[in-house]
Structures are given as C-alpha cells and as structure tokens.
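What follows is each chain in one-letter form.
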Amino acid sequence: MNIYPRVEINLDKVRNNTKLLVNKCIDNGIEVMGVTKIFCGHPQVVEAMIDGGINYIADSRVANLCKINTTIPKVLLRLPMKSEALKIVKNVDISLNSELDTIMTLDDIARSLNKVHCIILMVELGDLREGVLPENIVETVNYILNLKNIKLIGLGVNLTCYGGVIPSRSNLNQLVQCAEVIEEKFNIKLEIISGGNSSSLFLLEEENIPSRINNLRLGEAISLGRESAFGEHVEGTSNDACILKAEIIELKEKPSIPRGEIGMDAFGNKPIFEDRGVRKRAILAIGRQDVDPDGLRCLDRNAFVLGASSDHLIMDLHECKTKYKVGDTLEFYVDYSALLKIMTSEYVYKKFM
Ligand SMILES: *Cc1c(COP(=O)(O)O)cnc(C)c1O
C-alpha cells in the first residue's frame, strides 16, 4: 500500500548497526544499553536491537518499556516521576536516579511489592542535565545503602545533551574516581559504570575511554549511524536505516521572493528571502507537525528544502535532473530531531522492512 508520508525502517540495518557497535564495545570491555526512545519502544526495533546483541534495553519513558516483552533487563533512562513509581517498580528492572526523595519512594513501593529495585546513580559532570554533584555523592550513597529494597548497582553520567559538554578521558575519569571512592568507603562493588551515550563513542576509537567504564547507552548511533559529539558517521554503520518518503502535491514555477509587504510567517518569525528568479518549486504533504524540516536531506542531491509550515514542506527542485510530477514522492535522510518528530507523529505511516 502506498501511504504517505511514511518512514521506512530497515530492521536489517538497525540489527547490523547494533551488531557492529556492540562488537566495538565488547572489544573494550563495554556492555551496551540499546536505547529505543527515538522509536517509541517499537517492538520490531527492540527485537532487531536484541538480535544485534545489546545487553539491556533502555528507554526514557515507562510507557514504552511497559510495551516491551523481553528477558534482558529493562532500564528507565529519564529520572522517575514520583507519581509513576509503582509502574516503574512493577515494569522496570533498573532506573537512573539523582533524587533521594524519589529513591525513597521507589524503596517504599518495592517493599510493598516484596521486590528489590536496582538503580544507577547519575553524577553531574558538567553538562548540567541530571545528576548529583560529585561533592554530594558520598552522602547520597550513604543514605541509599540504608534502603533495604533499593540496590545501588552503579554510577552513570550523561553528557552532550543540554550543555553540549563533550566526553573526555578527564571527565570520565572523574566518574571512575567517584565510583572508587564509594567502593572503598562503603566496601561495596559497583557493577556498572555507565560512561554516557552516542557522544562517548569517539573515545573508543581514540582508545581514550578509562578502563573501568563498562557500559554505554546507545540510541542515535544505532538508529542513524552517527556519533553525537561531533555528528560524524560511525564507520561501518548504515546512515539510511530510516528513510522518510513524502508526496508532491503541487509543482510549479514560482518567483523566489514573496509579493506584498512581509509580516510574520505562521510561526511568528519574519522570513528573509534571496531573489533567485523564477524557480521550480514543489509542495510536499508533510509539515512541522510531523518533522523538523532542518533535519531533512533529500536523496536527490539537487533538491533542497526551503521551509515548512505546519502541514506543508516547500522545496526547490529547479536543479533536479529527474522530471518530477505531482503525485511523485521524494526520499530523505533524517537527523535525530527529524526522526523524533516523525516517529511521534501519528500522521506518518511507519513501515518496518
Ligand atoms: C537518550 C539518552 C541516551 C541515548 O542517547 P543517544 O545520543 O541517542 O545515544 C542515553 N542516556 C540517557 C540518559 C538518555 O536520555
């Protein structure tokens, strides 16, 4: 069936990307948490990642994890809401945490269910998203170790998400140091030292990852074959596991500058135009409700995205060798922010191949 717009997700490519990354990590003594949030925890992608050899399945939303049926451990990446503590303890094996208050709630609930809930404590090392400050780690751990139904299994860090801070041997060594201080002081062994997301991959190539880091949480590198510190392609992976297809609904020669006084566009911005004369332009039936237009790159290298409103994508096809007509489709590579919206939009058909 020809339903557009649609995203085609090539499960073989997802599986192969996963395999390649898992092998790279294994060679460095690192286990992989496969991150499914960009795919909204879709079961077929989960299966492909598990076939690819991931050791844990991880997602930022409990609702996605609840859908996933697997024997490997399920990890909640986003700090738990206290309001969903019951759902978490019931459905998730490990959660990442930074708030004692929440951890105590998880403990209470785990006790009432006669369970032990595992946590990884997040350490703030500069990116300023989640995490306990290093100077408060010992005190926090001291408290956690008194909770009977919580098991502290490791420490983790998240970088290059809010502050854009790039992982380094130095900031990851700080994480290792935190772990070693705790192990010594409390005479425990931390199983997992989780050194970040797809932005930590380049350190593997450089052999600059501290040896005690034994876990990475990978989403973007698996789905798009991209590491996220510099946006580089990860050698050997496919960058076209996810391709967007959208249909042309108008195709006309039009001037490249609007006529009339320019006020605001549909999103309150004052647009600026360059006069390139009369050009062949297309409108595709997809818009900002479904995709981030800045994150699209057409497979036809001579076709360019000019802009988008809520439901319309405007393209310049003037230089294209192919003679497109109304009803034809164009294909696009997508970046992370484009794919995020595509997967979340109920108006984009998801085709798994
Ligand atoms: C999303 C997320 C990841 C995965 O990040 P990628 O850049 O997609 O690899 C890892 N850890 C946490 C805490 C996350 O929220």
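Now for a description of the structure that goes with this document. Being a predicted model, the structure only gives us computed values, none of them experimental.

All right, on to the pattern of salt bridges then. Going through the model one piece at a time under the given rule, you end up with 18 salt bridges. Between Asp-12 and Arg-15 there is a salt bridge, with the nearest N and O atoms lying 2.6 Å from each other. Of the two residues, Asp-12 and Arg-15 both sit in helix 1 (residues 11-26), 3 residues apart, roughly one turn of that helix. Across the pair Arg-111 and Asp-108 runs a salt bridge whose closest N-O atoms are separated by 3.4 Å. One end of the pair, Arg-111, and the other, Asp-108, are both in helix 5 (residues 100-112), 3 residues apart, so they sit about a helical turn from each other. Judged by relative accessible area, which is 40%, Arg-111 ranks as partly exposed. Given a relative accessible area of 47%, Asp-108 falls into the partly exposed group.

On to the environment of Thr-322. Residue position: Thr-322 is located in the loop between strand 14 (313-316) and strand 15 (329-334). A C-alpha to C-alpha distance of 65 Å links Thr-322 and Asn-114, two positions 208 residues apart in sequence.

Turning to the site of the ligand, a few remarks are in order. Surveying the vicinity of the ligand reveals 15 residues, the closest of which are Lys-37, Ser-198, Arg-217, Gly-219 and Glu-220. In the environment of the ligand, a nitrogen atom lies 3.5 Å from a nitrogen or oxygen atom belonging to the side chain of Asn-158. Here a nitrogen atom of the ligand and a side-chain polar atom of Arg-217 are 2.8 Å apart. Calculation on the ligand without its partners gives an accessible area of 390 Å², and the protein chains cover 94% of this total.

With that settled, the discussion passes to the packing of helix 1 against helix 2 (residues 43-51). At their nearest, the axes of helix 1 and helix 2 sit 7 Å apart, and the two run at 35° to each other. At the point where helix 1 passes helix 2, the crossing takes the right-handed sense. Listed contacts from helix 2 to Leu-11, Val-14, Arg-15, Thr-18 and Lys-19 of helix 1 are Gln-44, Val-45, Ala-48, Met-49 and Asp-51. Broken down by class, the residue content of the contact of helix 1 with helix 2 amounts to 5 nonpolar, 2 polar and 3 charged.

How each quantity is defined
Residues numbered from 1 in each chain as written. Predicted model: local features only at pLDDT ≥ 70, side-chain atom pairs only at ≥ 80, totals over all residues. Heavy atoms only, no water. Salt bridge = Lys/Arg side-chain N within 4 Å of Asp/Glu carboxyl O. Helix = DSSP H or I, 4+ residues; strand = E, 2+ residues; numbered from the N terminus. Buried < 20%, exposed > 50% of the residue type's maximum accessible area, 1.4 Å probe, protein only. Near = heavy atom within 4 Å. Polar contact = N/O pair within 3.5 Å; in protein donor to acceptor, adjacent residues only side chain to side chain. Areas by Shrake-Rupley, 256 points an atom, 1.4 Å probe, with all protein chains shown as cover. Axes fitted to C-alpha atoms, helices over the stretch in contact; angles between N-to-C directions. Left-handed = near helix turned anticlockwise from the far one by under 90°. Contact = heavy atoms within 4.5 Å. Nonpolar A, V, L, I, M, F, W, Y, C, P; charged D, E, K, R; others polar.

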